[in-house]
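A closer look at the structure
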Amino acid sequence: MTATSAFPSIAEATMMPRVIRLGPNLYGAAFTLMKLLPAHHILREAEQRGELGPDTVIVETTSGTFGLALAMQAALMRRKLILVSDPAIDAHLYRRLTDLGARVEICHEPAEVGGFQEARLRRLAEIRAGLPDSFCPEQYGNPGNPGAYRLVAEQLAQTLGTVDALIGPVGSGGSMCGTVRALRERTPHTEAIGVDSHHSVLFGQPDGPRELRGLGNSLWPANLDHRVFDEVHWLTAGEAFASTRALHARHALFQGPTSGAAYLVARWWAERNPDRTGVVMLPDEGYRYQATVYDDSWLDAQGHPLHERPGAPATATGPDAATADRWTRFAWDRRAYEQVPGAVSRHTAAARPAEVGA
């Protein structure tokens, strides 16, 4: 090994989380950018299999941090990248993606079924049809996504020993399903507590508009294994935003709103289980949200004043009984989707499984 090869790239150096104590029995797995882990894993595996040659164009659909992770990795690997997004992408992220060399296409009209995610899927298929050689990471269906998180499970087990519960946001299903499955090889009792947004189809609610981004979905990810989850919590945007600010004020952790949402649930769990050890997944840092979640004037204008602190969750008897205007929990009990009363039918929930990452 040469002197230079002994040093990692920025992606390799930052893709694993810091394990931080947040309370007597609660720890945070705080990522700089969680999606770097599956992006690095998926692209490197594709390169080793011969699916990603020097002239192969990487193509993906994204409106968030998986796109940023791909852009960072593609720049380091000297590969061309085309990303398909929608108007929800923020200007700061767009500039960073293009500065990294990615071409970003915006779909301006949603599909009748599946919304912008379905519209992006269609545009992605059109782009790939016009390219002689392309590769799609397919975050939502690629087993390399959950497979990448075995490294996180090993880190947590080595650092903490027994993890009694893992709490984290759910979008593609990769981080929670991959980490929990690997943890349960050592500790089968480890609970999985998923954090979702109201009006997301992931755990049985009908699709609808969602102010809280970065978790939830309008299409069904193939990597989401419902049988992994013991419990699911649905949060509102205001609750997640207030908790994000509390995480920063209490622990000096400057994270994004998906981290804040997961922290709210994790803190509640830790207080109710003082003799057990919990870990909360904190996916990304908060720099993209300085003008929004970290701006009091913006929060007030959106109707989310910080003095409205979340209390405790309501308990629902099923997804159809979840209270849409407040934090609600439901015991999923490691059941398949079809076994859960009150979950909307699969055909109503999503036209088809999501094939690529959001």
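Residues numbered from 1 in each chain as written. Predicted model: local features only at pLDDT ≥ 70, side-chain atom pairs only at ≥ 80, totals over all residues. Heavy atoms only, no water.

In terms of regular secondary structure, the protein chain is built from 12 helices and 14 strands. In terms of C-alpha radius of gyration, the protein chain reaches 19 Å, essentially the compact-globule figure of 21 Å for 358 residues. Structurally, the protein chain occupies a C-alpha span of about 55 × 50 × 45 Å along its principal axes. For the protein chain, the proportion of its 358 residues judged to be buried stands at 58%. Carbon and sulfur atoms form 50% of the exposed surface of the protein chain, whose accessible area is close to 15,100 Å². When the 35 basic and 40 acidic side-chain charges of the protein chain are each reduced to a single mean position, those positions are 3 Å apart. (Helix = DSSP H or I, 4+ residues; strand = E, 2+ residues; numbered from the N terminus. Rg over C-alpha atoms; globule rule 2.2 N^0.38 Å. Buried < 20%, exposed > 50% of the residue type's maximum accessible area, 1.4 Å probe, protein only. Areas by Shrake-Rupley, 256 points an atom, 1.4 Å probe, with all protein chains shown as cover. Lys, Arg positive; Asp, Glu negative; His and termini not counted. Charge placed at Lys NZ, Arg CZ, Asp CG, Glu CD.)

This next bit is on the pairing of strand β4 (residues 80-85). Most of β4 is tucked away, with five of its six residues classed as buried. Of the pairings in the sheet, the one linking strand β3 (residues 57-61) to β4 comprises five bridges and is parallel in character. Across the sheet, the residue bridging to Val 59 is Ile 82, located in β4. Once the chain exits β3 it traverses helix α3 (residues 65-77) before rejoining the sheet at β4, and the crossover so formed is right-handed. Taken together, the four bridges between β4 and strand β5 (residues 103-106) define a ladder with parallel strand orientation. Bridge pairing in β5 links Leu 83 to Val 104. Handedness of the crossover is the feature at issue here: the chain leaves β4, passes through helix α4 (residues 91-99), returns alongside β5, and the resulting connection is right-handed. (Pairing = 2+ DSSP bridges. Right-handed = clockwise from strand over helix to strand, strands pointing away.)

Here we come to the packing of aromatic side chains. For the structure shown, the criterion picks out 10 aromatic pairs. On the numbers, 5.2 Å between centres and 80° between planes, the contact of Phe 203 with Trp 332 is edge-to-face. With a gap of 129 residues between them, Phe 203 in the loop between β8 (191-197) and β9 (220-221) and Trp 332 in the loop between β13 (328-331) and α12 (346-349) connect regions that are remote in the sequence. In this structure Phe 203 comes out as buried when scored by relative accessible area, which is 0%. Seen in terms of ring centroids, Trp 332 and Tyr 337 are 6.2 Å apart; in terms of plane orientation they differ by 45°. Their pairing is tilted. Considered together, Trp 332 and Tyr 337 belong to a single accessibility category, that of buried residues. An aromatic cluster is defined as three or more aromatic residues linked by ring pairs; in this entry it consists of Phe 203, Trp 220, Phe 229, Trp 234, Phe 330, Trp 332 and Tyr 337. (Phe/Tyr/Trp six-rings, centres within 6.5 Å; stacked < 30°, edge-to-face > 60°.)

Secondary-structure assignment places His 198 in the loop between β8 and β9. For the pair His 198 and Arg 213, spaced 15 residues apart in sequence, the C-alpha separation works out to 11 Å. If near-sequence neighbours (up to four positions away) are discounted, His 198 is found in contact with Gln 205, Arg 210, Trp 234, Leu 235, Thr 236, Ala 322, Thr 323, Ala 324, Arg 326 and Thr 328. Here Arg 326 takes part through its backbone oxygen, which lies 2.8 Å from a polar atom of the side chain of His 198. (Contact = heavy atoms within 4.5 Å. Polar contact = N/O pair within 3.5 Å; in protein donor to acceptor, adjacent residues only side chain to side chain.)

Structurally, the position occupied by Met 77 is in helix α3. Placed 23 residues apart in sequence, Met 77 and Pro 54 show a C-alpha to C-alpha distance of 9.1 Å. Met 77 has contacts with Leu 43, Arg 44, Glu 47 and Leu 52, leaving out every residue within four places of it along the chain.

On any regular strand, side chains alternate: one points to one face of the sheet, the next to the other face. Most of strand β2 (residues 26-30) sits inside the fold, with five of its five residues counted as buried. Inspection of the sheet shows strand β1 (residues 18-23) paired to β2 by five bridges, in the antiparallel sense. From the neighbouring strand, Val 19 faces β2, where its bridge partner is Ala 29. In sequence, β1 turns back onto β2 through a hairpin of two residues. Looking at chain direction, β2 and strand β11 (residues 278-282) are connected through five bridges and run parallel. Looking at β11, one finds that Tyr 27 is bridged to Val 279.

Attention now moves to the pattern of salt bridges. Here the idea is simple: oppositely charged side chains can pair when their charged atoms come close. One pass over the full model with this rule turns up 20 salt bridges. With a closest N to O distance of 2.7 Å, Glu 105 and Arg 103 form a salt bridge. Accessibility expressed as a relative area gives 18% for Glu 105, which makes it buried. For Arg 103, a relative accessible area of 43% corresponds to the partly exposed category. As a salt-bridge pair, Arg 227 and Asp 225 come within 3.0 Å of each other at their nearest N and O atoms. In the salt-bridge network here, residues are joined through shared partners; they are Arg 103, Glu 105, Arg 123 and Glu 126. (Salt bridge = Lys/Arg side-chain N within 4 Å of Asp/Glu carboxyl O.)

Predicted coordinates in areas of low pLDDT are best not read in detail. Mean pLDDT over the protein chain works out to 91, with 94% of the residues at or above the 70 mark. Predicted confidence for residues 350-358 stays below pLDDT 50, and this span has 44 contacts to residues more than four positions away or in other chains. (pLDDT = per-residue confidence, 0-100.)

This part is about the sheet that holds β5. On the basis of which strands lie adjacent, the open sheet formed by four strands has the order β5-β4-β3-β6 and parallel pairing. The open sheet is flanked by β5 and β6 (134-135), the only strands paired with a single partner. Running at roughly 170° to β4, α3 makes contact with β3 and β4 of the sheet. (Axes fitted to C-alpha atoms, helices over the stretch in contact; angles between N-to-C directions.)

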